[in-house]
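# Per-entry structural report
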Amino acid sequence: MLIRFKRNLEKIAMGLLSFMPEEKDVKKLQETIREYEENDGWHLHLWKEDDDVLGAVGVQIMNDNQLVIKHLTVNPSHRDQGIGSRMIAEIHRIYSDKYNIVPAESVKAFYEKSLDAL
Ligand SMILES: CC(C)(COP(=O)(O)OP(=O)(O)OC[C@H]1O[C@@H](n2cnc3c(N)ncnc32)[C@H](O)[C@@H]1OP(=O)(O)O)[C@@H](O)C(=O)NCCC(=O)NCCS
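Since we're looking at a predicted model, the values are computed, not measured.

## Quick look at the pairing of strand β3 (residues 52-63)
In terms of strand pairing, strand β2 (residues 42-49) meets β3 through 8 bridges, oriented antiparallel. Bridge pairing links histidine 43 to valine 59 in β3. Linking β2 back to β3 in an antiparallel pair, the connection comprises 2 residues, with aspartate 50 at a positive phi of about 50°. Following β3, the chain reverses through 2 residues before pairing antiparallel with strand β4 (residues 66-74).

This is the structure in structure tokens:
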């Protein structure tokens, strides 16, 4: 299930975000996590199964009607089990009433593939 990110999960969230191609640089990664902690328009959600956090999906609310999926990442040991697609489906369930959802460039190919399966 998706849970909202909290500061006590910062290390695990940063570990997951670091799998994103644009978050390889530690300084950039620290800036990103700070946005999720401090910016009201940035929401980070974590995928939890039993007691394990296995994935992360981060969104940015751009304006009254648009939301961008900025980050989507799954622990490499748990890929190809549908977690990434389930996170996309959950983001749609949570936000699609209010926002037009669009993927960031790096998420686009996977997002479009997942939407076809929804
Ligand atoms: C992309 C990612 C989140 C997918 O998570 P996942 O839980 O393995 O996804 P699912 O199990 O729901 O789907 C797996 C399918 O997506 C495909 N896929 C993986 N990455 C993809 C990508 N960047 N573009 C398109 N398809 C992709 C897999 O090949 C697999 O295809 P298949 O079902 O035809 O075999 C995961 O590979 C990841 O964390 N990658 C590193 C982070 C990253 O690069 N994020 C940016 C892209 S979203």
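Picking up after the structure, the text goes on.
## Here's the deal with the sheet that holds β4
Taken together, 5 strands build an open sheet; the order of strands is β1-β2-β3-β4-β5 and the sheet is mixed. Both outer strands of the open sheet, β1 (2-4) and β5 (100-103), are each paired with one neighbouring strand and no more. Across the sheet, the mean angle from the axis of one strand to that of its neighbour is 35°, orientation sign disregarded. The pairing of β1 with β2 spans 3 bridges and is classified as antiparallel. Bridge pairing in β2 places isoleucine 3 opposite leucine 46. Where helix α1 (residues 10-17) meets the sheet, its contacts fall on β2, β3 and β4, and the angle it forms with β3 comes to roughly 80°.

## Notes on the UniProt feature "domain: N-acetyltransferase" (unreviewed entry) in the protein chain
In the numbering used here, UniProt assigns the "domain: N-acetyltransferase" (unreviewed entry) feature to residues 3-118. Counted over residues 3-118, helix gives 38% and strand 30%. Its end C-alpha atoms are 21 Å apart.

## Here's the deal with the site of the ligand
Close to the ligand lie 18 residues; Val74, Asp80, Gly82, Gly84 and Ser85 are nearest. For the ligand, a nitrogen atom lies 3.0 Å from a polar atom in the backbone of leucine 72. Taking serine 85, its side chain carries an N or O atom lying 2.5 Å from an oxygen atom of the ligand. Here the ligand loses 66% of its free accessible area of 850 Å² to cover by the protein chains. Assessed atom by atom at 2 Å from the grid points, the ligand resides in the largest pocket. Looking at the shell around the ligand, the elements with two or more residues in it are β4, α3 (83-95) and α4 (108-117). Here the residues of the shell around the ligand sort into 9 nonpolar, 6 polar and 3 charged.

## Describing the packing of aromatic side chains
In the structure shown here, the tally under the stated rule is 2 aromatic pairs. Here tyrosine 36 and tryptophan 42 contribute two aromatic rings whose centre-to-centre distance is 5.2 Å and whose plane-to-plane angle is 75°, an arrangement assigned as edge-to-face. Residue tyrosine 36 is classed as buried on the basis of its relative accessible area, which comes to 6%. The buried category is assigned to tryptophan 42, whose relative accessible area is 11%. Pairing tyrosine 95 with tyrosine 99 gives two aromatic rings, centres 6.3 Å apart and planes at 55°, and the pair type is tilted. Of the two residues examined, tyrosine 95 and tyrosine 99, each falls in the buried class. Just above the ring of phenylalanine 19 sits the side chain of arginine 79; from NZ or CZ to the centre is 5.3 Å.

How each quantity is defined
Residue indices begin from 1 for each chain and proceed along its sequence in written order. Local features are withheld for residues below a pLDDT of 70 in this predicted model, meaning they are given only at 70 or higher, and side-chain atom pairs are given and counted only at 80 or more; totals for whole chains, interfaces and linings count all residues. The basis for the side-chain values is all heavy atoms of the structure; hydrogens and waters are excluded. A strand pair is defined by DSSP finding two or more bridges across the two strands. Starting at the N terminus, helices and strands are each numbered in turn, a helix being any DSSP run of H or I of at least four residues and a strand any DSSP run of E of at least two. Note on geometry: axes are lines fitted to C-alpha atoms, helical ones only across the stretch in contact, with angles between N-to-C directions running from 0 to 180 degrees. Two residues form a contact once any of their heavy atoms are found within 4.5 Å. UniProt positions are given in the numbering used here, feature names are shortened, and annotations may be inferred rather than shown by experiment. When we say a residue is near a molecule or strand, we mean one of its heavy atoms is within 4 Å of it. Whenever a nitrogen or oxygen atom comes within 3.5 Å of another N or O atom, the pair is scored as a polar contact, on the condition that within protein one atom can donate a hydrogen and the other can accept it, and that pairs from neighbouring residues in sequence are kept only if both atoms are in side chains. Computed with the Shrake-Rupley method and a 1.4 Å probe, the accessible areas treat only the protein chains shown as cover for residues. A 1.4 Å probe that fits into a set of points on a 1 Å grid over the protein atoms alone but cannot get out defines a cavity; an open set with protein on both sides within 12 Å along at least five of seven lines defines a pocket, and lining residues are those with an atom within 4 Å of a point. For a molecule to be placed in a cavity or pocket, more than half of its atoms must lie within 2 Å of the grid points of that cavity or pocket. Polarity classes work like this: nonpolar for Ala, Val, Leu, Ile, Met, Phe, Trp, Tyr, Cys and Pro, charged for Asp, Glu, Lys and Arg, and polar for all others, with Gly in that last group. Stacked, tilted and edge-to-face are the three classes assigned to paired rings of Phe, Tyr and Trp, where Trp is represented by its six-membered ring and a pair needs centres within 6.5 Å; plane angles under 30 degrees give stacked, over 60 edge-to-face, the rest tilted. Buried, partly exposed and exposed residues are distinguished by accessible area as a fraction of the type maximum, computed with a 1.4 Å probe on protein chains only: under 20%, between the cut-offs, and over 50%, respectively. Think of it as a cone above the ring: NZ of Lys or CZ of Arg counts as a charge over the ring if it is within 6 Å of the ring centre and within 35 degrees of the ring normal.

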